[in-house]
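The chain contents come next:
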Amino acid sequence: MSNASNQQLPSSQHAVVILEFGEPEVMKYHDGVAMPELAEGQVLIKVAYAGINPVDYKTRQGKGWGADNIRKNKFDHNEPAILGFDVAGEVAISNSDQFAVGDKVAALTFDGGCYAEYVAVDAKLLAKVPEGVTLKQAAALPCAGQTALQFIAFADIKKGEHVVMNAPAGGVGHLLIQLLMEKVAQDDIKVTVICSPEKYHKLADLIDKNQLAGWIDYTKDEAFPDLQADVLLDLVGDEAGVRALGVLKSGGRVNVLPTIWVDKLKGAGNEKNLIVAGYAAQRSGEDMARVLQQVADGKLTLHIQQSYPLSEVVAAHLELQKGGTFGKIVLEASV
């Protein structure tokens, strides 16, 4: 079934393209970019907003699976690539029975293409945006929201355990900390956060900080306290992740989101017999719907630090790369 809108679709679009990997300046905002081709079971979305995530700038730098896909599918054929995995907008054409033209939808797609006016996405990855959630909010949720939901399930935190997490105010972190605080109430777990004084102050916008077991200020030079904690949720990796291992008991569990750091943390945690596991988010229309509904129901507070026009994507990446973001940054696709 093809469900096309009566509106005449343009023959080309504005989009941010890259022809090589590198610094933010490799991203160029162009008009006259080819429209996406729609495959069976896909939906064409008129993009309202695209979320940006650390994986976007790592891909742009030529790192990880996103960059590997671009090399293989685009650059090896002398074709430009369009970044962006988070999208929210309206259905323009539908090859799916589940979605009609005009439906407001959001998705996490690993095929990229969201830094544009239009993107084609597999229908199974889409969820309708519920009443009470804006398209701007919806665009900030796909990667961070699905990752937070899945990561907390993956960590398999038991009743009464002491959990330490770093980066509790970032894109994934500011949602994950809220999900953890639910477990404080339900499962009597203890939660300690590692962050700067500035971020610790901002957590009051998201949670009741009195329910935290503690706070470690990583900006101080001193060693982290030996908390004999059961679980570390590491959203940073590298040296910050290694430093945080000091809070754990022997045989403790480390769940690390940037999977590229698993081996480094395993090596550093050898003496304590730490169990280190990496997690990569899975795309899921069901999880997309779940996290959207949690925002609609007021169970999750989403913080958007700033939105930039698509044409100012370089500034947006520079801001995200500084690492000081509270919540999320989104791109506005309308020209």
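Please read all numbers here as calculations on a predicted model, not as lab measurements.

S.K.: Give me the packing of helix α4 (residues 142–155) against helix α5 (residues 173–187): which residues, what numbers.
M.R.: Put simply, α4 and α5 touch, their axes get as near as 9 Å, and they point 35 degrees apart. Pair α4 / α5 crosses with right-handed handedness. Residues A144, G145, A148, L149, F151 and I152 of α4 touch α5, and the partners they reach there are L175, L176, L179, L180 and K183. Residue composition of the contact of α4 with α5, grouped by class: nine nonpolar, one polar and one charged.

S.K.: So what's going on with the packing of α4 against helix α9 (residues 285–296)? Residues and values would help.
M.R.: Here α4 crosses α9 at 95 degrees, and the two axes come no closer than 9 Å. The pairing of α4 with α9 is recorded here as roughly perpendicular in orientation. Of the residues in α9, those touching α4 at P142, G145, Q146, L149 and Q150 are D287, M288, R290, V291 and Q294.

S.K.: Kindly report on unusual backbone geometry, identifying the contributing residues and their values.
M.R.: At N78, a residue that is not glycine, the phi angle is positive and equals roughly 55 degrees. Tracing the backbone through its elements, the reader meets N78 in the loop between α2 (64–73) and β5 (86–94). Given a relative accessible area of 75%, N78 falls into the exposed group. Look at N273: it is not a glycine, yet its phi comes out positive at around 55 degrees. Along the chain, N273 falls in the loop between α8 (262–268) and β14 (275–278).

S.K.: Describe the packing of aromatic side chains, listing the residues and the values that go with them.
M.R.: Throughout the structure, instances matching the rule amount to seven aromatic pairs. A centroid spacing of 4.9 Å and a plane angle of 55 degrees characterise the contact between F21 and F75, whose relative ring orientation is tilted. Separated by 54 residues along the polypeptide, F21 in the loop between β2 (12–17) and β3 (28–34) and F75 in the loop between α2 and β5 bring together distant segments of the chain. Judged on exposure class, the residue F21 and its partner F75 are both buried. Pairing F154 with Y279 gives two aromatic rings, centres 4.7 Å apart and planes at 45 degrees, and the pair type is tilted. With F154 in helix α4 and Y279 in the loop between β14 and α9, the pair connects residues that are 125 residues apart, well separated along the chain. Of the residues examined, F154 reaches a relative accessible area of 34% and is grouped as partly exposed.

S.K.: Just give me the short version of the layout of surface pockets, but keep the residues and values in it.
M.R.: Approximately 720 Å³ is the volume found for the second largest pocket. Lining the second largest pocket we find 29 residues, and of these K74, P80, I82, D111 and G113 sit closest to its centre. Of all the secondary structure elements, the ones that give two or more residues to the lining of the second largest pocket are β2, β3, α2 and β7 (118–122). Looking at the lining of the second largest pocket element by element, the count peaks at four residues for α2.

S.K.: Quick one: what's the story with the pattern of salt bridges, residue by residue and with numbers?
M.R.: By the definition in use, this model includes 16 salt bridges. Its salt-bridge partner being D187, residue K183 comes within 3.2 Å of it at the nearest N-O pair. Of this pair, K183 and D187 both sit in helix α5, four residues apart, which is roughly one turn of that helix. Owing to a relative accessible area of 18%, K183 belongs among the buried residues under this scheme. The shortest N-O distance in the salt bridge between E198 and K202 comes to 3.4 Å. Here E198 pairs with K202, and both are found in helix α6 (residues 197–202), just four residues apart, close to one helical turn. Owing to a relative accessible area of 49%, E198 belongs among the partly exposed residues under this scheme. Bridged by salt links that share partners, the residues K159, K183 and D187 form one connected network.

S.K.: Help me get a handle on the environment of D86, residues and values and all.
M.R.: Structurally, D86 can be placed in strand β5. Sequence spacing of D86 and N53 is 33 residues, and the spatial spacing of their C-alpha atoms is 8.3 Å. Other than its neighbours up to four places away in sequence, D86 contacts Y49, A50, G51, N53, A107, L108, C114, A139, A140, P142, C143 and K328.

S.K.: Account for the sheet that holds β14, naming residues and giving values.
M.R.: Pairing is parallel across the open sheet formed by six strands, whose spatial order is β11-β10-β9-β12-β13-β14. Across the chains shown, the open sheet's two edge strands, defined by having one partner strand only, are β11 (214–217) and β14. On average, adjacent strands in this sheet sit at an angle of 20 degrees to one another, irrespective of strand direction. Bridge analysis of strand β10 (residues 190–195) against β11 gives four bridges, and the strand direction is parallel. Residue pairing in the sheet places V193 in a bridge with W215 of β11. α4 rests against β12 (229–234), β13 (248–256) and β14 of the sheet, and its axis sits at about 150 degrees to β13.

S.K.: Which residues make up the pairing of β5, and what values do they have?
M.R.: Where a strand is regular, its side chains alternate between the two sheet faces. Within β5, eight of the nine residues are buried, which leaves the element mostly enclosed by the surrounding structure. One ladder, built from five bridges, connects β5 with strand β6 (residues 104–108); its direction is antiparallel. Among the inter-strand pairings, E90 is bridged to a residue of β6, identified as K104.

So, how was this worked out
- Residues numbered from 1 in each chain as written.
- Predicted model: local features only at pLDDT ≥ 70, side-chain atom pairs only at ≥ 80, totals over all residues.
- Heavy atoms only, no water.
- Axes fitted to C-alpha atoms, helices over the stretch in contact; angles between N-to-C directions.
- Helix = DSSP H or I, 4+ residues; strand = E, 2+ residues; numbered from the N terminus.
- Left-handed = near helix turned anticlockwise from the far one by under 90°.
- Contact = heavy atoms within 4.5 Å.
- Nonpolar A, V, L, I, M, F, W, Y, C, P; charged D, E, K, R; others polar.
- Parallel < 35°, antiparallel > 145°, perpendicular 65-115°, else oblique.
- Buried < 20%, exposed > 50% of the residue type's maximum accessible area, 1.4 Å probe, protein only.
- Phe/Tyr/Trp six-rings, centres within 6.5 Å; stacked < 30°, edge-to-face > 60°.
- 1 Å grid on protein atoms, 1.4 Å probe; cavity = no way out; pocket = protein on both sides within 12 Å on 5 of 7 lines; lining within 4 Å.
- Points joined across faces, edges and corners; volume = space filled by probe spheres on them.
- Salt bridge = Lys/Arg side-chain N within 4 Å of Asp/Glu carboxyl O.
- Pairing = 2+ DSSP bridges.

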